[in-house]
Each structure stands twice: as structure tokens, then as C-alpha cells.
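# Overview (structure and organization)
Chain residues, written in single-letter form:
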Amino acid sequence: MTFEFDWVDAFTDKPFGGNGCSVVHDGAVLSDDTCLAYVRETSLVECTFTGPSKVADLRVKYYLASREIPFAGHPTIATVAALKHRGKIGDGPLTLETGAGIVAVEVAGDDITMTQQAPEFGQNVPAEIVAAVGGISRDLIIAPPQIVSTGLPFCITVLKDRAAIEALRLDATAFAAYCTELGLPSTDVMEPYWITLQGASAKGDTYARLLLAPPSAPEDPYTGSATGAAASYLWAQGLLDSPKYIAEQGHGMGRPGQARVEVLGPREAISGVKVTGRGVVVMSGTAFLPR
């Protein structure tokens, strides 16, 4: 079968920045095996496959190289940017059916704003176990690491400064121990999302990294879902003076990405997180895929 696709760089307004995602239009009919093989073929971290929905404007399925996941941030931005590129949508509101529920999106020119759900705050993870995953000293972690989800869970880990975040290197043995601590298989899920309260550029307020385990790529250039989870944590913990800020990621990979973030609600009762970014289509074409 033939499917049209757009390869989009999300959380950037320039090609080859931010995080890439291939959007396969009408590809939600494809089997899991085909979707997983397609992600591996692209060497991207995630790809999306769209289809009709009975409860929203569009259904979106999200895949890593290893599994389907309920939601992801940069692929959401990429999917909406691809739809607008093809003239399928214009400015205004849009709803997406995802595995994490209905995601509300607002399109205004080049800006795409997704409203992530209210955070779920999970367990704390011992700082020494998390530090070992990144090959750094426990003393560089300045707040208790915690599992947080606004659609996809991550272990939000706040580091002392830029030097600490740039020193990170994934330790596979320590990551396996971390997964054991959380009662998980040794897979790329609930990874530590490392963040510091210093931007990568003069415009940024935070800078983050996400190191990944195989079969995914070694690092994610920009992680929109984790941006929402981190914003919730930082606001709830009193580490932000304002609920609005600029979140940066990917600069150390040569793929600088940026989002405008707004946490909704008071620190003790967060109702959601708005994450705004842009997407640039860098190639389009036809995929010939077995159903």
C-alpha cells in the first residue's frame, strides 16, 4: 500500500534543528510490526501514523523503535505542522485522539500549542540511583528525582548547572539497576529527564537532555512530553518564579530546539501545561509499506 509522509523537524523554525519525526498520513491502519520497522528504517526516535477518529478531529498513533507509546510531544507538533503544510487544517482549535486521551491543540500561524493533561506525580527515586544512570555524582542533583507524567512518564531530575548536564553519559548497567528499582523491564521507558535552571542560549530559562537506551537513538534532540512533565515538577516544587518560561534542548547535539511553556493553575493544583513550538517540513514523499 502507498502512504504519503512528511518528515518534520519539530520545536524549531529552521531545517535540521529540533527533533525530527516522520508523519505517515492515514497510516493508523498499519500493523504494529510495520510501524516499528518503519521507525527503525528512519533512524528517528519516534514517528506518527494518523487516521480518522470518532471522538476527535484526528487519531494519532505514536511509535518508538521498540513499541507504541500513548503520547509524545515533538511528534504532536510535527503531525500538526504536516497537516497544515498539506492544507488539511488552518488556524484554530484541533483535537487529537491519542493513547493518553484527547489532546487539545491550537494553531496560530506557525505556532502550534498543545495542552498536556494535568500531571500525575509518582514515586521518588533515590538520587544516587538516578545519578549513576548518567555517570555523575549524586551531589550534582539539587532536588529529589520524581516520576511525573503529563501523558508519558519520566523521572524529572534537576541538575546543578550546565556543566553537570553536559557531563552526562548513559551507563547501561546503572540503567538496568534503575529499571529494577522502578520494577520495570530494562527498556527505554521512564528514563531520567535531566534538566537545569540555566538556558542553553540567552533566550532560554531551562536546558535539558534525554539519554535513551537501545534500540532507540542514543539521545533525543527535543522531548515535548517531558517538557510538560518537567514544567509541572518545577512549578510544584517552587523552582520556577513564573509559570511561563522558555525551555531549550538539543543544543549539545547541534540540533537546537525551543518551546514556550505555560503551567496552568496554582502550584498545588496544576490543571495542565501548554507547550508551544513550531515545525518545519524538510521532505515529503510516498512510502510503500506492507499493511
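For the structure, check the block above.
Computed from a predicted structure; not experimentally measured.

### Some points on the nonpolar core
Core analysis: the largest hydrophobic core is formed by 55 residues, its most contacted members being V105, I156 and Y193. Broken down by element, this core gets its largest block of residues, seven residues, from helix α6 (residues 224-236). Ranked by size, the runner-up nonpolar core spans 21 residues in total, among them V133, I165, L182 and A213.

### Some remarks on the side chain of S149
With respect to the secondary-structure elements, S149 resides in strand β10 (residues 146-149). On the basis of relative accessibility, which here comes to 11%, the residue S149 falls in the buried class. Engagement of the side chain of S149 in a polar contact is seen with the backbone nitrogen of G151, the distance being 3.0 Å. Within polar-contact distance, the side chain of S149 engages the backbone nitrogen of L152 at 3.1 Å. The contact partners of S149, leaving out residues within four places of it in the chain, are A118, P119, E120 and A229.

### Side note on a nonpolar patch on the surface
Where nonpolar side chains cluster on the molecular surface, the patch consists of I142, L197 and L239 and spans about 220 Å² of accessible area. Secondary-structure assignment places L239 in the loop between α6 and β15 (244-249). Given a relative accessible area of 31%, L239 falls into the partly exposed group.

### Considerations on the packing of helix α3 (residues 127-134) against helix α5 (residues 172-182)
For the pair α3 and α5, the least separation of the axes is 8 Å and the interaxial angle reads 150 degrees. Judged by the sense of rotation from one axis to the other, the crossing of α3 with α5 is left-handed. Seen from α3, the contacting residues are I129, V130, A132 and V133; seen from α5, they are A174, F175, Y178 and E181. Its residues assigned to classes, the contact of α3 with α5 comprises seven nonpolar, no polar and one charged.

### Considering the pairing of strand β12 (residues 192-196)
Taken across its five residues, β12 has five buried, putting it largely inside the fold. Burial along β12 is two-sided: the residues P192, W194 and T196 and Y193 and I195 are all buried. In the sheet, strand β11 (residues 153-159) pairs with β12 via five bridges, with the strands oriented parallel. By the bridge assignment for β12, T157 is matched with W194. Two strands pair when backbone bridges link them, and β12 and strand β13 (residues 206-211) are joined in this way by three bridges, in the antiparallel orientation. Bridge pairing links T196 to Y207 in β13.

Reading the values: the criteria
Residues numbered from 1 in each chain as written. Predicted model: local features only at pLDDT ≥ 70, side-chain atom pairs only at ≥ 80, totals over all residues. Heavy atoms only, no water. Core = buried A, V, L, I, M, F, W, Y, C linked by side-chain atoms within 4.5 Å. Buried < 20%, exposed > 50% of the residue type's maximum accessible area, 1.4 Å probe, protein only. Helix = DSSP H or I, 4+ residues; strand = E, 2+ residues; numbered from the N terminus. Polar contact = N/O pair within 3.5 Å; in protein donor to acceptor, adjacent residues only side chain to side chain. Contact = heavy atoms within 4.5 Å. Patch = residues over 30% accessible without salt bridge, like charges linked within 9 Å, V, L, I, M, F, W, Y side chains within 5 Å. Areas by Shrake-Rupley, 256 points an atom, 1.4 Å probe, with all protein chains shown as cover. Salt bridge = Lys/Arg side-chain N within 4 Å of Asp/Glu carboxyl O. Axes fitted to C-alpha atoms, helices over the stretch in contact; angles between N-to-C directions. Left-handed = near helix turned anticlockwise from the far one by under 90°. Nonpolar A, V, L, I, M, F, W, Y, C, P; charged D, E, K, R; others polar. Pairing = 2+ DSSP bridges.

By themselves these figures say nothing about function.
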